[in-house]
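For reference, the chains in residue letters:
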Amino acid sequence: MPKVDIYGTQQPIALLKFLVERGCMYQRDGELEFMNVRNLYWMSAMAPPGGGRNPVDPRFVALFSVLNVVFPSKTALNRIYDSILTKRLESFSESIRACAPKITTTMMKFYWHIVGVLPPTPSKFHYIFNLRDLSRVYEGLCLATPDVYTTPETIFRLWRNETIRTFYDRLISEDDGDLVKRYIETLMEEAVGGSSKDVCKDPSLFGDFKSVHETENAEVYEDLGNYDAIKPIFDTVLEKYNEKLKPMHLVLFQDALEHATRIHRIIKFPRGNALLVGVGGSGKQSLTRLVTYAAGYELFQITLSRGYGEVEFREDLKQLYTMLGVENKKVSFLFTDAHVVNEGFLELVNNMLASGMVPALFEEEEKIPLIDAVRDEVEKNGLNPNKDTCWDVR
């Protein structure tokens, strides 16, 4: 939220208060021309103060009819996620179907425990766990297939992997990581008893790249075993990459293999995104390039030049969205800290992460050829090929 100044106010909020309360504004450029705002409804959303969020001026809040949207109850969450998993496991064996309620109960115990013991702080402001994280875990669970996951131990090991990747990978201290892993071990002892050691063994390396670039083999999300099992796979991918693209001279040691597995999982998930943090030269970009190639995706990256600004960045984003929406390509967008030559870039990237789109990116006349390019496909899918449907279909 906007920073509170020495007078206890927030300047952006004060400006909005003036606009909402009085329904008018003055043109900032020129001769301060007076402008009336009519037939406009104001809707806002905010999270409660805390975790780095400042309270909003109550005089501004008083201008709205305030509705408090509470977090779903524990009973509601259990029902939602248990229904999702139960439906997904209908075609599995009886022993796997019986695990659905146990997995949901275990997941909820874990979630509420982590929310309680790892709250956000100024140094750990990103320790914010919500329904998106729960959904990510269940999204991974829904990748299970009946021919691979045949015993309760295998499905619970998948649950552990998705939980580790979703929650553990965001932690920044060993103490927090040990706390999470110990609690997962406790939960697994309750769920599978004597088999908990097999379920909780490390490393946890899951992926669908066992038959990478072999089109005749379906991608199966499975436990890939240990580092010795996945190293030949990535060595082969690296060799093929160096034959087709600019060569990279990488040494794929254990940490690199584990990071590559993590990045691959994120890239393959719908709208997956990750912030890779590390010192310069640690291999963040190289591993991203390698894993993007392994996933069969194209890599998109902006190229800075003299005078590169928001206009040029928007043009590059138009090219990216054309590749995605019109050409229907699978693309990884690699954006580094060196590319942030203008802080406004971060706002555009934030919109991409939050909603998947950049507001007002395309002019109306620019939309016409894009809409025409997908109209036939929209019609083939049995949808009304009007303007709005064609623009929103992807």
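Below or above, wherever it landed, is the structure these notes cover. (Residues numbered from 1 in each chain as written. Predicted model: local features only at pLDDT ≥ 70, side-chain atom pairs only at ≥ 80, totals over all residues. Heavy atoms only, no water.)

Comments concerning the pattern of salt bridges
- Under the defined criterion, the tally for this structure stands at 25 salt bridges.
- One salt bridge in this structure joins E90 and K87, with 3.4 Å as the shortest N-O distance.
- Accessibility expressed as a relative area gives 56% for K87, which makes it exposed.
- Across the pair E364 and K367 runs a salt bridge, and its minimum N-O distance is 3.4 Å. Placement of the pair is E364 and K367 together in helix 15 (residues 364–380), with a separation of three residues, close to one helical turn.
- One network of salt bridges, in which partners are shared, links R165, D169, E258 and R262. (Salt bridge = Lys/Arg side-chain N within 4 Å of Asp/Glu carboxyl O. Buried < 20%, exposed > 50% of the residue type's maximum accessible area, 1.4 Å probe, protein only. Helix = DSSP H or I, 4+ residues; strand = E, 2+ residues; numbered from the N terminus.)

Details of empty space enclosed by the protein
- As enumerated under the stated definition, the model contains one cavity of 30 Å³ or more in all.
- A volume near 40 Å³ is recorded for the largest cavity.
- Every residue along the wall of the largest cavity is listed here: N161, R165, S204, L205, F206, Y221, E258, T261, R262 and R265.
- Top element by residues in the lining of the largest cavity is helix 11 (residues 254–268). It accounts for four residues.
- Class assignment of the residues belonging to the lining of the largest cavity gives a composition of three nonpolar, three polar and four charged. (1 Å grid on protein atoms, 1.4 Å probe; cavity = no way out; pocket = protein on both sides within 12 Å on 5 of 7 lines; lining within 4 Å. Points joined across faces, edges and corners; volume = space filled by probe spheres on them. Nonpolar A, V, L, I, M, F, W, Y, C, P; charged D, E, K, R; others polar.)

Here's the deal with the side chain of H264
- By the element assignment, H264 lies in helix 11.
- In this structure H264 touches D208, F209, V291, A294 and A295, once residues within four positions along its chain are discounted. (Contact = heavy atoms within 4.5 Å.)

Digging into the nonpolar core
- Judged by nonpolar contacts, the single largest core of 41 residues is most densely connected at I103, F110, I155, F156, W159 and M188.
- Looking at this core, the elements that each hand over two or more residues are helix 3 (74–88), helix 5 (99–117), helix 6 (131–141), helix 7 (152–166) and helix 8 (174–192).
- When residues no more than four places from it in sequence are discounted, the contact partners of F110 are W159, T163, F167, V180, Y183, I184 and L187.
- Counting residues in hydrophobic clusters, the runner-up holds 25 residues, among them I233, A256, L257 and L287. (Core = buried A, V, L, I, M, F, W, Y, C linked by side-chain atoms within 4.5 Å.)

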